[in-house]
Amino acid sequence: MPEIRADRLSMVRAYRNLVENALKHGGDHVSEIAMGYEDSQDFHVLSVSDNGVGMREGDLERLFSPFSRDEASHLVEGAGLGLAIIREIAERHGGKVWAEPLPTEE
């Protein structure tokens, strides 16, 4: 891994929030959470993926908004701030955050 200049506590919080989100919302059968790194020409791309239930395409736009929770998460503890905090951390470091659904199997 290359050296990345960032606020250590913020990065730990971002990764913790991503892993907790995968565990909370991934469903009962989450068995893998992977962290990745890619060096693009202009950015360091840090990623977290899991083999959980996934996201609907329509949920991607509001996913990182504060207090954004879908109807399926009414039984999951939390206020809906975890991913909004991640967006704020990324922007504070000059980056951005996004989510991509896995391609559907046909």
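That block above? That's the structure.
Okay, so let's go over this structure. Here the structure is a predicted model, which is why all the values come from computation and not from measurement.

## Thoughts on the overall build of the chain
A count of helical and extended segments in the chain gives two helices and two strands. Reading the chain from its N end, one meets helices and strands in the order α-β-β-α. Counting all 106 residues of the chain, 17% fall into the buried class. For the chain, the exposed area adds up to about 8,300 Å²; of that, 51% sits on carbon and sulfur atoms.

## A short note on the environment of R62
Note on placement: R62 falls in the loop between β2 (44–50) and α2 (82–92). Between the C-alpha atoms of R62 and A84, which are 22 residues apart in sequence, the distance is 9.6 Å.

## Notes on the packing of aromatic side chains
Inspection of the entire model under this criterion finds zero aromatic pairs. Sitting over the ring of W98, K96 keeps its end group 5.6 Å from the ring centre.

Calculation notes
Once a new chain begins, its residue numbering starts again from 1 and follows that chain's sequence as written. For this predicted model, a pLDDT threshold of at least 70 governs which residues receive local features, and a threshold of 80 or more governs which side-chain atom pairs are given and counted, while totals over whole chains, interfaces and linings are taken from all residues. For side-chain calculations, the full set of non-hydrogen atoms in the structure is used, while hydrogens and water are omitted. The helix count covers DSSP runs of H or I at least four residues long, the strand count covers runs of E at least two residues long, and both are numbered beginning at the N terminus. Relative accessibility decides the category of a residue: with a 1.4 Å probe and only protein chains considered, values under 20% of the type maximum give buried, values over 50% give exposed, and everything between is partly exposed. For the area figures, the Shrake-Rupley method with a 1.4 Å probe applies, and any residue is considered shielded solely by the protein chains shown. For Phe, Tyr and Trp, where Trp contributes only its six-membered ring, two rings pair if their centres lie within 6.5 Å, and the inter-plane angle classes them as stacked under 30 degrees, edge-to-face over 60, or tilted in between. Here, a charge over a ring means that NZ of Lys or CZ of Arg falls within 6 Å of the ring centre while also lying within 35 degrees of the ring normal.

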